[in-house]
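# Structural features, examined
One letter stands for each residue in the lines below.
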Amino acid sequence: MNKTILVLANSIKGGGGRCVAGIEIVNKDLKNPVFGKWIRPIDKTQREGTLKETTTCISHAQVSPLDVIEVDFSENAQDITHPEDWIINNSTEWRHLGRYESTILNKLSAGNWDRWGDQKGITPGQYPITLQLIKLQKDIKVSAYHSHNPWKDKMEFKRRAQFDCYDCGVTDPQFSHKHWLYSTRISQNEVKHVIVKEGSYVVLSLTPPIGNKNLQYRVIAAIFEAP
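Residues numbered from 1 in each chain as written. Predicted model: local features only at pLDDT ≥ 70, side-chain atom pairs only at ≥ 80, totals over all residues. Heavy atoms only, no water.

### A word on the pattern of salt bridges
Tallying each qualifying case throughout the model produces 14 salt bridges. Between Arg18 and Glu53 there is a salt bridge whose closest N-O contact spans 3.4 Å. A residue pair is termed long-range when its members are at least 10 positions apart, and Arg18 in strand S2 (residues 18–25) and Glu53 in the loop between strand S3 (35–42) and strand S4 (57–58) qualify at 35 residues. Here Asp164 makes a salt bridge to Lys138, at a shortest N to O gap of 2.9 Å. One end of the pair, Asp164, is in the loop between strand S12 (154–162) and strand S13 (167–170); the other, Lys138, is in the loop between strand S10 (131–135) and strand S11 (140–149), with 26 residues separating them in the sequence. (Salt bridge = Lys/Arg side-chain N within 4 Å of Asp/Glu carboxyl O. Helix = DSSP H or I, 4+ residues; strand = E, 2+ residues; numbered from the N terminus.)

### A word on the pairing of strand S15 (residues 201–206)
For S15, the tally of buried residues reaches six of six residues, placing the bulk of the element in the interior. Burial of S15 is two-sided: the residues Tyr201, Val203 and Ser205 facing one way and the residues Val202, Leu204 and Leu206 facing the other way are all buried. Judged from the five bridges that link them, S10 and S15 form a sheet pairing that is antiparallel. Pairing of Leu133 across the sheet is with Val203, part of S15. In this structure, S15 lies alongside strand S16 (residues 216–224), joined through six bridges in antiparallel fashion. Note on S16: the bridge partner recorded for Leu204 is Ile220. (Buried < 20%, exposed > 50% of the residue type's maximum accessible area, 1.4 Å probe, protein only. Pairing = 2+ DSSP bridges.)

### Details of the packing of aromatic side chains
The final tally for this structure, using the stated rule, is three aromatic pairs. Plain terms: the ring middles of Trp180 and Tyr182 are 6.1 Å apart, the flat faces sit at 70° to each other, and that makes the pair edge-to-face. Residue Trp180 is classed as partly exposed on the basis of its relative accessible area, which comes to 39%. (Phe/Tyr/Trp six-rings, centres within 6.5 Å; stacked < 30°, edge-to-face > 60°.)

### Considerations on the side chain of His179
Among the structural elements, His179 can be located in helix H1 (residues 173–179). Given the relative accessible area of 17%, His179 is considered buried. Setting aside its immediate chain neighbours within four residues, His179 contacts Lys192, Val194 and Glu225. (Contact = heavy atoms within 4.5 Å.)

Structure representation (structure tokens):
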């Protein structure tokens with residue numbers, strides 16, 4: 001079945017894969033769209049549903065937030081820990097239908113707070129949604145730095161956003177490119193901070209259950225910065 005999606009995130013996953021998420025447009029009039037539920041396309045042939053970069057390319061370019069695309073799905077994944085997941089039909093290429101300006105975000109249902117509470121790790125299936133669009137009510141800080149992982153005994157590069165009660169990873173490649181948040185640009189003794197202003201929109205996503213405690217964790221999959 002084909003679904004039309006307003007893309008709101010195309011984030012980086014481990015191993016070079018991608019994670020795309022967006023909101024379904026349930027009518028055919030893109031000038032007057034009617035928005036439905038969140039959708040996260042996944043590839044059941046890949047680990048944790050990760051999408052190949054070749055899958056998320058249209059005419060050799062990665063789909064970007066605010067693009068409108070058509071994707072063919074076989075079925076909903078029926079995953080209570082990721083209810084927005086839909087399994088893609090790998091035999092059909094994605095189609096680009098258009099693109100919106102960032103003002104379209106004002107027409108979407110956005111919260112003013114994180115509906116998942118303040119705990120860092122979340123019990124799988126605890127909440128009926130694993131994607132949120134939030135309009136920031138105050139500034140937040142994103143920090144990029146190198147950190148030693150004692151479990152792997154190696155240095156890792158991190159991008160973390162600081163909220164009041166927790167911090168979480170940032171996986172938005174466009175935000176990283178805009179602010180040059182790369183390991184090659186930041187020395188091992190340096191920390192670079194970027195302030196995301198009040199009024200910006202962020203897409204929060206929960207990971208699949210991971211770790212020894214089998215918990216889900218937040219990531220910021222996309223940031224739409226306020227001017």
